[in-house]
Amino acid sequence: MRLNIKFTKDSNTKSDIEIVFINQNLFKKLPKDKADILSLQNFSAKEGEVIFLQSDRILYYGVILDDIDSIREAGAKVIRIVKKYNIKSFKIRGFESSDFNYALILGILLGDYEFIDYKSKPTKTTLKDIFIIAKKDYKDELHKAVIVANSVNIARNIINTPPQECTPIVLADIAKKIAKDFSLDCRIGDVKFLQQEKMELILAVARASINEPRFIKLVYKPKKAKKRVVLVGKGL
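Bear in mind that the values here come from a model prediction, so they are computed numbers and not experimental data.

(A) Layout of helix H3 (residues 68-82). End to end, H3 covers 21 Å across 15 residues, agreeing with the expected 21 Å (1.5 Å per residue, within 8%). The complete set of buried residues in H3 reads Ser70, Ile71, Ala74, Gly75, Ala76, Val78, Ile79 and Val82. Those residues of H3 hidden inside the fold are in contact with strand S2 (17-22), strand S4 (58-62), strand S5 (89-93), helix H4 (98-111) and strand S6 (129-133). Measuring from the side-chain oxygen of the N-cap residue of H3 to the backbone nitrogen of Asp69 gives 2.9 Å; that N-cap residue is Asp67.

Given below as structure tokens:
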């Protein structure tokens, strides 16, 4: 994880800017002079609206505060915005709900994703530290969000890689590495395996490509598992 996300109880924690999630009800409760300044720039705290007040060093972002999906999406969009600024840190007020804090962190981590493998000059950002103001340290939520975001971003990298480079054989190698890193059972089936299993449809589709197909099976067997879940996908 490139970003350093920390929880703090101190609302006065020093940072370069502050992010404020605000809905229309809270907007109406702002001091009149502040509301007037924001209204002059057509900001009314509708979902997705954003404005940065340089004088206060505060970025306001309109959200639906009781909608977990709105919070996750806001986290993703905010991180994309502030990465363009010449700042090293920002702070944002968290939530009393562990689920909402998880959604916020996950949104930030997913929004931070960039596919730069083919960029001659990757986008540079100075942002490093994010302080989430909350009554307690939500370490478990942070840990879970990091795992999910990293997994999603692995899939994003595979999707964004051109098919002539991410061939079935390369994809099988990626699966092997994932299995090794996370102690999974990995089984790779080649053309001979597909023929033995009479997977004729896969073989028929593969005939249109110069690259041989592969059948990839990853298995995770946790202790005391309560049920079996099977996920089936394909890559062409």
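And the narrative resumes.
(B) Here's a closer look at unusual backbone geometry. Even without glycine at this site, Asn42 takes up a positive phi of about 60°. Tracing the backbone shows Asn42 in the loop between helix H2 (32-40) and strand S3 (50-53). Phi angles above zero are rare outside glycine, and Arg57 is one such case at about 55°. Its location among the elements puts Arg57 in the loop between S3 and S4. We classify Arg57 as partly exposed; its relative accessible area is 44%.

(C) Region of the structure containing the layout of surface pockets. Reported here for the largest pocket is a volume of approximately 2500 Å³. Lining the largest pocket we find 47 residues, and of these Ile216, Leu231, Val232, Gly233 and Lys234 sit closest to its centre. When residues of the lining of the largest pocket are traced back to their parent elements, those giving at least two are helix H5 (139-160), helix H6 (168-182), helix H8 (200-206) and strand S8 (215-219). Per-class residue counts for the lining of the largest pocket are 32 nonpolar, eight polar and seven charged. The calculated volume of the second largest pocket comes to roughly 220 Å³. Along its surface, the second largest pocket is lined by 11 residues, and Leu109, Asp112, Tyr113, Asn150 and Asn153 are the ones closest to its centre. Of the residues in the lining of the second largest pocket, the class split is five nonpolar, three polar and three charged.

(D) Geometry of the sheet that holds strand S1 (residues 4-8). Strand order in the open sheet formed by six strands is S1-S6-S5-S2-S4-S3, and the pairing between neighbours is mixed. The sheet is open, and its two borders are formed by S1 and S3, each paired with just one other strand. Averaged over neighbouring strand pairs, the angle between their axes works out to 20° when direction is ignored. Across four bridges, the pairing between S3 and S4 is antiparallel. Residue pairing for S4: Leu53 is matched across the bridge by Ile58. Most of the contacts of H4 go to S1, to which it runs at about 155°, and overall it touches S1, S2, S5 and S6.

(E) Layout of the environment of Val205. By the secondary structure assignment, Val205 is in helix H8. Linking Val205 and Ala103, residues 102 residues apart in sequence, is a C-alpha distance of 39 Å.

(F) Region of interest: the packing of aromatic side chains. Applying the stated rule across the entire model yields eight aromatic pairs. With centroids separated by 5.4 Å and ring planes inclined at 35°, the aromatic side chains of Phe193 and Phe215 adopt a geometry described as tilted. Taken together, the positions of Phe193 in helix H7 (residues 191-196) and Phe215 in strand S8 put the pair 22 residues apart, joining distant regions of the chain. When its relative accessible area of 28% is taken as the criterion, Phe215 is described as partly exposed.

(G) Structural view of the side chain of Lys83. Inspection of the secondary structure puts Lys83 in the loop between H3 and S5. Judged by its relative accessible area of 10%, Lys83 falls in the buried class. Here Asp112 takes part through its side chain, which lies 3.0 Å from a polar atom of the side chain of Lys83. Apart from the residues lying within four places of it in its own chain, the contact partners of Lys83 are Arg2, Asp112, Glu114, Lys124, Thr125 and Leu127.

(H) Examining the nonpolar core more closely. Ranked by internal contacts, the top residues of the largest apolar core, which has 35 residues, are Ile5, Ile19, Phe21, Val82 and Phe90. With eight residues, the top contributor of residues to this core is H4. With 10 residues, the next largest nonpolar core counts Ala35, Ile51, Leu53 and Tyr60 among its residues.

Rules used throughout
Residues numbered from 1 in each chain as written. Predicted model: local features only at pLDDT ≥ 70, side-chain atom pairs only at ≥ 80, totals over all residues. Heavy atoms only, no water. Helix = DSSP H or I, 4+ residues; strand = E, 2+ residues; numbered from the N terminus. Expected span 1.5 Å × (residues − 1). Buried < 20%, exposed > 50% of the residue type's maximum accessible area, 1.4 Å probe, protein only. Contact = heavy atoms within 4.5 Å. Polar contact = N/O pair within 3.5 Å; in protein donor to acceptor, adjacent residues only side chain to side chain. 1 Å grid on protein atoms, 1.4 Å probe; cavity = no way out; pocket = protein on both sides within 12 Å on 5 of 7 lines; lining within 4 Å. Points joined across faces, edges and corners; volume = space filled by probe spheres on them. Nonpolar A, V, L, I, M, F, W, Y, C, P; charged D, E, K, R; others polar. Pairing = 2+ DSSP bridges. Axes fitted to C-alpha atoms, helices over the stretch in contact; angles between N-to-C directions. Phe/Tyr/Trp six-rings, centres within 6.5 Å; stacked < 30°, edge-to-face > 60°. Core = buried A, V, L, I, M, F, W, Y, C linked by side-chain atoms within 4.5 Å.

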